[in-house]
Amino acid sequence: MQQKGTYIVELSDLNFLFRFFPVFILAYYFCPAKYKNMLLLAASILFYGFSGWQNTLLLLFSLMLNYLFISLMETRPRDRGWRRGWFASAVIYNVGTLCFFKYSGTALPLGISFYTFTLLSYDADVYLRQEKAAKNWPELGVYALMFPKLLSGPIVQYRQLAGQVRKRTTSVRKTEYGLSLLIIGLSFKVILADTVGILWHEIRTVGFESISTPLAWMGAAAFSVQLLFDFQGYSLMAIGLASMLGFDLPKNFDHPYRAGSISEYYRRWHISLGQWFRDYLYIPLGGNRCGLARTCFNLLVVWAVTGIWHGTTPNFLLWGLLLGFFIILEKCLLGRFLENHKVFSHLYVWFLIPLTWVIFDITDIKELGIYFTRLFPFWGKGIAVNSRDWIIHGTKYLPFFLGALAVSCPLADKLWEKFWDSIAAKTVLFFLFWICVYQIVNGLHNPFRYFSF
Amino acid sequence: MRKQKRMPLLLIYILASMLFVNITAAVSAGGIYEEYNTDDFSQPVVAVLMQGLSHRVWPWESKTPAFDPDQEQTAQGTESAVPPLQPAEDADDFIVKIPPEEETSPSAGDPSESSSPLHPTADDSGQENAAHEDGSQNPTAPEGGNQDPSQPVRYEFTEVTREYFDDALFIGDSRAVGIQLYSGWDNLTYCTESGMTVYNMFDRQITRADGTKTTLEEALAESSFGKIYLEIGINEMGTGTVDSFMEAYENAVLRLRELQPDADIFLCGIMYVRKSKSDSDPIFNNPAIRERNERIAQLADQQTVFYLDINEVTSDESGNLNPDYTWDEIHLLGKYNVLWTEYLSSHGIVKETLPPRENHSAPTS
């Protein structure tokens, strides 16, 4: 939701799509290769600057501090204690700042969770000698601050992107492909996620006491679909924009609902965050090489931290620990069984994951309890429940659920790969783009996007 | 990915259309879309065009010569959502001759010209003013039925049972949808839809209880109702002015009166929003709602048109929607829609002897 006093905060904002980006991309293409990074950095700072100057100062300060610490660390490449000291200082600064803002109760600076992890990836990759340190601060700036991924990722690791920051090529074809991804991502977000999201919003408006059990399940499905397409759509837009700038970002979502276990689900969901935790937390803790008990402990730590990273209210910790529990359960007991029972394994994922998303979204534990009594109506009755509510909502949102299903099936992938460059596909994308623009405007008109009273 | 060289067709499509749309929008922003143009540089000009399109105003249309070009009429003129009650020139007369401030006392000039089913008599103006002095409060008339026979009877609200609502029609926006779905009352007819406005209420597709579609216009023609409740007005706050809203609102009420001459019409004041919303929203805030409610209340005559204010039971001491009653700051939680049924039950109008119809339409002076 748009904050007060800010103009561009989202890639799906009209000011971004119709003002910022067209101007930027024209300048970028005409800019000599030598200055492209400077231009991109300046544009990214400007992009972020719209969210307020205090936030921007903090961002720049963090950037400089990380650059400074890691540069100092590299002045004595053979001194282990020296290196460790500077690396630890950088980590303490980053984690400390993030925790401070998460727990102090002040408004969280925009994108801080994402850019802090991005900077930590730089620190760690240089410390672990996965990649050389940035030659100058703008180089690090482009990696950490480039506007397509600044606010919501993907949290690309420094080792994946350092080469491209130094040298990359733009091409008409990459631009065309990037634009296609941008429109697909925009459509995912605006047409699917935001629309299905209204159902979840309506359920909250009515109050959990007053929904029927079928609607409670439909709500869990709606929130799951909303979250997937919102986030996946945003990632696609970021990847598409980056492609137009000459970057190749790895994909962030790989059809999580095709997974046959919770652990597989999270290898397909927000892949960049999963890799971050794997490489910078799970493996340094010992990974799975120190015996089963230690592995389980490591997994729990990783998932507890994942939960906290998403938010500080207790429900996020509960969410993370629950996922950790199931992942451990799969590792110890269920894994083999799930592999041998394909149909069951999918039902298991489709049943459990929406429940975990409900926990993820309902920050008030008491409200969460009420929601679960509506999902499993054995313990209590609702108040003023309309038993036909799920039919009314079902008919309204069914086309969007079906649409979400259709674009998620393997056939859609094949068609996309084969035909994305065809005239037909481009015509469809063209119309999708303008439908999205129409939706964005007429949604913004209302206090709740895409929602009229 | 195929390797062959291809035209960047999508890029060309998008660039060309962006250019074209922006030029169209920029040109029409000063013309047909003038009223959507905020001129504050907060949004690209394309937004103006898209907003216009959502009101089905096309850029190639010429501006309709309206009597009041500053008002909503430009947008509404093409929409035909509110069919004119009378021949066009009468409608013009009606609007020109009763400026908003004079609505309550249409005594100036020839009464026959300014009279409308909403304001039955010129004589009545004194009484009306008296009734309205207490603003948006419950406009209970002081007198009962024992009056000078030349004076129209003014009715007071009384307690009624649920059966009273058997022949009632409830029209309204998403807040009324809440009543329909969660009040537990299923004996009345509902014509409710999220996003309903006075501009589109008559021809908007409405889903009946049995799932079939209809429009309010059709529903009103099909059956006759004893009471009509109109709960509408918040969606309109984003466009136009209070005057343009009231004009459309009055027209809508007149149209209801025309289609259902015998029904009592209950105009429900707009329910407030929560304080946090009201304090932060330049459009949907309680002072603006109060302003509109005061104007809506002025339409009541306590004879066939009545004003109801749900805020009497849903607002807190500070005059905002009670924060415990809402999650989204605007709508009542499902379980609190019972406040509506309780309120409506205590605000019925019982007429022992129906006054003859002539009293309503003809001025008595």
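Everything here concerns the structure above.
The rules we used
- Residues numbered from 1 in each chain as written.
- Chains lettered and ligands numbered in written order.
- Predicted model: local features only at pLDDT ≥ 70, side-chain atom pairs only at ≥ 80, totals over all residues.
- Heavy atoms only, no water.
- Patch = residues over 30% accessible without salt bridge, like charges linked within 9 Å, V, L, I, M, F, W, Y side chains within 5 Å.
- Areas by Shrake-Rupley, 256 points an atom, 1.4 Å probe, with all protein chains shown as cover.
- Salt bridge = Lys/Arg side-chain N within 4 Å of Asp/Glu carboxyl O.
- Helix = DSSP H or I, 4+ residues; strand = E, 2+ residues; numbered from the N terminus.
- Contact = heavy atoms within 4.5 Å.
- Buried area = accessible area lost by both parts, 1.4 Å probe.
- Polar contact = N/O pair within 3.5 Å; in protein donor to acceptor, adjacent residues only side chain to side chain.
- Pairing = 2+ DSSP bridges.
- Axes fitted to C-alpha atoms, helices over the stretch in contact; angles between N-to-C directions.
- Core = buried A, V, L, I, M, F, W, Y, C linked by side-chain atoms within 4.5 Å.
- Buried < 20%, exposed > 50% of the residue type's maximum accessible area, 1.4 Å probe, protein only.

**Q** Explain a nonpolar patch on the surface to me, please; I cannot follow it from the model alone.
**A** Taken together, the side chains of A:Tyr103, A:Leu300, A:Ile308, A:Leu317 and A:Leu321 present a nonpolar region at the surface, about 400 Å² in accessible area. As for its position among the elements, A:Leu321 is in helix α14 (residues 314-340).

**Q** What am I meant to see in the interface of chain B and chain A here?
**A** In many analyses, interface size is given as the accessible surface area lost on bringing the parts together. Tallying the contact residues gives 49 residues for chain B and 50 residues for chain A. In total, chain B and chain A occlude about 4,400 Å² of area from one another, counting both sides; carbon and sulfur atoms represent 67% of this. The interface formed by chain B and chain A contains one salt bridge. A salt bridge links A:Glu209 to B:Lys335, with the nearest nitrogen and oxygen atoms 2.8 Å apart. The interface formed by chain B and chain A contains nine residue pairs in polar contact (both at pLDDT 80 or more). Within the residue set of the side of chain B that touches chain A, elements represented by two or more residues are α1 (9-29), α2 (46-54), α7 (174-182) and α10 (275-280) of chain B.

**Q** Before we go on, may I ask you to explain the sheet that holds strand β1 (residues 168-172) of chain B in this structure?
**A** Backbone-to-backbone hydrogen bonds pair the strands of a sheet. The strands run either parallel or antiparallel. All names here are of chain B. Read from one edge to the other, the open sheet built from five strands follows the order β2-β1-β5-β6-β7, with strand pairing classed as parallel. Of all strands in the sheet, those with a lone pairing partner are β2 (189-192) and β7 (305-308), marking the two edges. Direction aside, the axes of adjacent strands within the sheet are offset by 20 degrees on average. Alignment of strand β5 (residues 227-231) against strand β6 (residues 264-268), held across five bridges, turns out to be parallel. Considered in β6, the bridge of Ile-228 is made with Ile-265. Sitting on the sheet, α7 touches β1, β2 and β5, and the angle it makes with β2 is about 150 degrees.

**Q** I'm lost on the environment of B:Arg257 in this one. Help?
**A** Residues and elements named next belong to chain B. Within the secondary structure, Arg-257 sits in helix α9 (residues 242-259). Measuring from C-alpha to C-alpha, the distance between Arg-257 and Thr-304 comes to 9.3 Å, with 47 residues separating the pair along the chain. Of the polar contacts made by the side chain of Arg-257, one reaches the backbone oxygen of Ala-263; its length is 2.9 Å.

**Q** Mind showing me how you'd approach the nonpolar core here?
**A** Nonpolar side chains tend toward joint burial in soluble globular proteins. A:Phe247, A:Tyr266, A:Trp357, A:Tyr371 and A:Trp434 are the most contacted members of the largest nonpolar core, which has 163 residues in total. Of all the elements, helix α10 (residues 213-244) of chain A adds the most residues to this core, at 19 residues. Leaving out residues up to four positions away in the same chain, A:Trp434 has contacts with A:Phe18, B:Ser17, B:Met18, B:Val21, B:Val46 and B:Met50. One finds B:Leu169, B:Phe202, B:Ala219 and B:Ile349 within the second-largest nonpolar core, a separate group that totals 69 residues.

**Q** Hey, could you run me through unusual backbone geometry in this one?
**A** Glycine aside, a negative phi is what most residues show, and trans is what most peptide bonds show. Along the chain, A:Gly153 connects to A:Pro154 via a cis peptide bond; the corresponding omega equals 5 degrees. When you line up the elements, A:Pro154 lands in the loop between α7 (147-150) and α8 (158-166). With a phi close to 45 degrees, A:His270 is a non-glycine residue in the positive phi region. Mapped onto the secondary structure, A:His270 falls in the loop between α11 (262-268) and α12 (271-282). Backbone geometry at B:Gln302 places phi at a positive 65 degrees, although glycine is not the residue there. Mapping B:Gln302 onto the fold places it in the loop between α11 (286-297) and β7.

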